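Here is how the chains run, residue by residue.
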Amino acid sequence: MMRGGHLDYAVLGAFQVSESGDLANWKTDAADAIPAVGGAMDLAIGAKDVFVMMELQTREGQSKLVEACTYPLTGTA
């Protein structure tokens, strides 16, 4: 369904969203960890519209809306 472009909407959580619309919603802190992206990349690319639901700040008070994502990207623009 999602890879075929049949989804109208996808709702995803995120760690960061850039001002150009890049989405970063996964990360691993361990250097030897296997990346665990799951289906988020397929949803971000395959859905016609993507809605991001997230807190606007981290626990430390930093904005999650950033100029450029510092985490690995799930989807661009």
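Structure first, text after, so check above.
Residues numbered from 1 in each chain as written. Predicted model: local features only at pLDDT ≥ 70, side-chain atom pairs only at ≥ 80, totals over all residues. Heavy atoms only, no water.

A short note on the side chain of Asp22
- Looking at where Asp22 falls in the secondary structure, it is placed in the loop between strand S2 (16-18) and strand S3 (23-24).
- Buried charge without a salt bridge: Asp22, with Lys64 as the nearest opposite-charge side chain at an N-O distance of 17 Å.
- For Asp22, the contacting residues outside a window of four places in its chain are Gln16, Val17, Cys69, Leu73, Gly75, Thr76 and Ala77. (Helix = DSSP H or I, 4+ residues; strand = E, 2+ residues; numbered from the N terminus. Buried < 20%, exposed > 50% of the residue type's maximum accessible area, 1.4 Å probe, protein only. Lys, Arg positive; Asp, Glu negative; His and termini not counted. Salt bridge = Lys/Arg side-chain N within 4 Å of Asp/Glu carboxyl O. Contact = heavy atoms within 4.5 Å.)

Examining the pattern of salt bridges
- Applying the stated criterion to the full structure yields one salt bridge.
- Taking the shortest distance from any N to any O, the salt bridge between Lys48 and Asp8 comes out at 3.1 Å. Within this pair, whereas Lys48 is found in the loop between helix H1 (40-46) and strand S4 (49-52), its partner Asp8 is found in the segment before strand S1 (9-12), the two being separated by 40 residues in sequence.

Points about the nonpolar core
- Counting five residues, the largest nonpolar core consists of Leu12, Ala14, Val17, Leu23 and Ala44.
- What Leu12 contacts, discounting residues up to four positions off in sequence, is Leu23, Asn25, Ala40, Leu43, Ala44, Val50, Phe51, Val52 and Met53. (Core = buried A, V, L, I, M, F, W, Y, C linked by side-chain atoms within 4.5 Å.)

Focus on a nonpolar patch on the surface
- On the surface, Tyr9, Val11, Phe51 and Met53 cluster together to form a nonpolar patch covering roughly 480 Å² of accessible area.
- Positionally, Phe51 belongs in strand S4. (Patch = residues over 30% accessible without salt bridge, like charges linked within 9 Å, V, L, I, M, F, W, Y side chains within 5 Å. Areas by Shrake-Rupley, 256 points an atom, 1.4 Å probe, with all protein chains shown as cover.)

Observations regarding the sheet that holds S3
- Overall, mixed pairing links the three strands, which are arranged S3-S2-S5 in an open sheet. The open sheet is flanked by S3 and strand S5 (65-66), the only strands paired with a single partner.
- Here S2 runs beside S5; their pairing, made up of two bridges, is parallel. Residue pairing across strands places Ser18 opposite Val66, the latter belonging to S5. (Pairing = 2+ DSSP bridges.)

Geometric descriptors of this kind do not, in isolation, establish any biological role.
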